[in-house]
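So the chains spell out like this:
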Amino acid sequence: MKIYTRTGDTGQTGVIGGRVAKDDVRVEAYGTVDELNCFVGQAMSFMKDERFADLKADLLEIQHELFDCGSDLALQRPELRPYKVTAAMVDRLEQWIDKYDAQTPDITRFILPGGGEVASALQICRTVCRRAERRVVTLASRQEMNGEVLRYLNRLSDLFFTAARAANHREGLPDVEYVRSAEVFRRKR
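This structure is a prediction, so every number in the text was calculated from the model and none was measured. (Residues numbered from 1 in each chain as written. Predicted model: local features only at pLDDT ≥ 70, side-chain atom pairs only at ≥ 80, totals over all residues. Heavy atoms only, no water.)

Enquirer: Account for the overall build of the protein chain, naming residues and giving values.
Expert: For the protein chain, the count of helices and strands is five helices and four strands. Counting from the amino terminus, the protein chain carries its helices and strands in the arrangement β-β-α-α-α-β-α-α-β. Along the first, second and third principal axes, the C-alpha set of the protein chain runs to 50 × 35 × 30 Å. Within the protein chain, buried positions represent 40% of all 189 residues. Long-range pairs, those at least 24 residues apart, make up 79% of the contacts in the protein chain between residues at least 6 apart in sequence. For the protein chain, the exposed surface amounts to about 10,300 Å²; the carbon and sulfur share of it is 53%. Where the 29 positive side-chain charges of the protein chain centre and where its 29 negative ones centre are 3 Å apart. (Helix = DSSP H or I, 4+ residues; strand = E, 2+ residues; numbered from the N terminus. Buried < 20%, exposed > 50% of the residue type's maximum accessible area, 1.4 Å probe, protein only. Contact = heavy atoms within 4.5 Å. Areas by Shrake-Rupley, 256 points an atom, 1.4 Å probe, with all protein chains shown as cover. Lys, Arg positive; Asp, Glu negative; His and termini not counted. Charge placed at Lys NZ, Arg CZ, Asp CG, Glu CD.)

Have a look at this one:
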């Protein structure tokens, strides 16, 4: 099989159920999810020791689920097949957020991206995830799509934030606080 098909040479691409312009909101949404998946892979490549084995395993599962998100977003005609992203996947992300949050000290101020290499890479994942979420919001306002993808991405960005904090903590690095604000968060209970 050849990688190139020449079918996109005129600015059109195939989605599940038809063809659309390559700059269609649907393509922009799943393309941004694909970009996020690349950054997740990069973040995993920085996790070279056993301290990150659990996080790396969770991120591998997330990479598969991001493919599911992209598949659902590419589905122009939902009657062709069932959606892949489910509420159970969102629930599991919440469990992981709680797991990583329990490993970190309380925060009282906003956190600046930074610290170690792993945490910095996860913060990039967080911001790209937020952009993907914005693209999916645009798609949802114009076309039919799986609403669970939007919920999934919303939780996923929270997971990246919490995992970045956990990564810094595992490496003995403090969070970089935004010092120009008052304390804005409550302590954990």
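Text resumes after the structure shown.
Enquirer: How would you summarise helix α3 (residues 87–101) if you had to cite specific residues and measurements?
Expert: The end-to-end C-alpha distance of α3, which contains 15 residues, comes to 21 Å, matching closely the 21 Å that a straight helix rising 1.5 Å per residue would cover. Looking at the buried residues of α3, the elements they touch are α2 (53–73) and α5 (147–170). (Expected span 1.5 Å × (residues − 1).)

Enquirer: Explain helix α1 (residues 25–45) residue by residue, including any values.
Expert: With 21 residues, α1 extends 31 Å between its outermost C-alpha atoms, agreeing within 8% with the 30 Å of an ideal straight helix rising 1.5 Å per residue. Against β1 (12–15), β2 (18–21), α2, α4 (117–142) and α5 lie the buried residues of α1. Between the side-chain oxygen of the N-cap and the backbone nitrogen of arginine 26 there are 2.8 Å, and the N-cap of α1 in question is aspartate 24. (Polar contact = N/O pair within 3.5 Å; in protein donor to acceptor, adjacent residues only side chain to side chain.)

Enquirer: I'd like to hear about the pairing of β1, residue by residue, with values.
Expert: Look at any regular strand and the pattern is simple: side chains alternate between the two faces of the sheet. Sheet topology note: the β1/β2 ladder contains four bridges and is antiparallel. Within the sheet, the bridge partner assigned to threonine 13 lies in β2 and is valine 20. Between β1 and the antiparallel strand that follows it, β2, lie two residues; glycine 17 among them carries a positive phi value of about 115°. (Pairing = 2+ DSSP bridges.)

Enquirer: I'd love a proper account of the side chain of threonine 32, names of residues and values included.
Expert: Mapped onto the fold, threonine 32 is located in helix α1. Overall, threonine 32 belongs to the buried group, its relative accessible area being 2%. A distance of 2.7 Å separates the side chain of threonine 32 from the backbone oxygen of glutamate 28, its partner in a polar contact. Ignoring anything within four residues of it in the chain, the contact list for threonine 32 reads Val128, Arg131, Ala132 and Arg135.

Enquirer: Residues and numbers for the nonpolar core, please.
Expert: Counting 48 residues, the largest nonpolar core has Leu36, Leu122, Tyr152, Leu153 and Leu156 as its most contacted members. Counting only elements with at least two residues in this core, the list comes to α1, α2, α3, α4 and α5. If sequence neighbours within four positions are ignored, tyrosine 152 has contacts with Ile62, Glu65, Leu66, Cys69, Val85, Met89, Val90 and Leu93. (Core = buried A, V, L, I, M, F, W, Y, C linked by side-chain atoms within 4.5 Å.)

Enquirer: A description of the environment of glycine 116 should follow, citing residues and the corresponding values.
Expert: On the secondary structure map, glycine 116 appears in the loop between β3 (111–112) and α4. A sequence separation of 55 residues divides glycine 116 from glutamate 61, and the C-alpha atoms of the two residues are 23 Å apart. Here glycine 116 is in contact with Asn168, Glu171 and Leu173, once residues within four sequence places are set aside.

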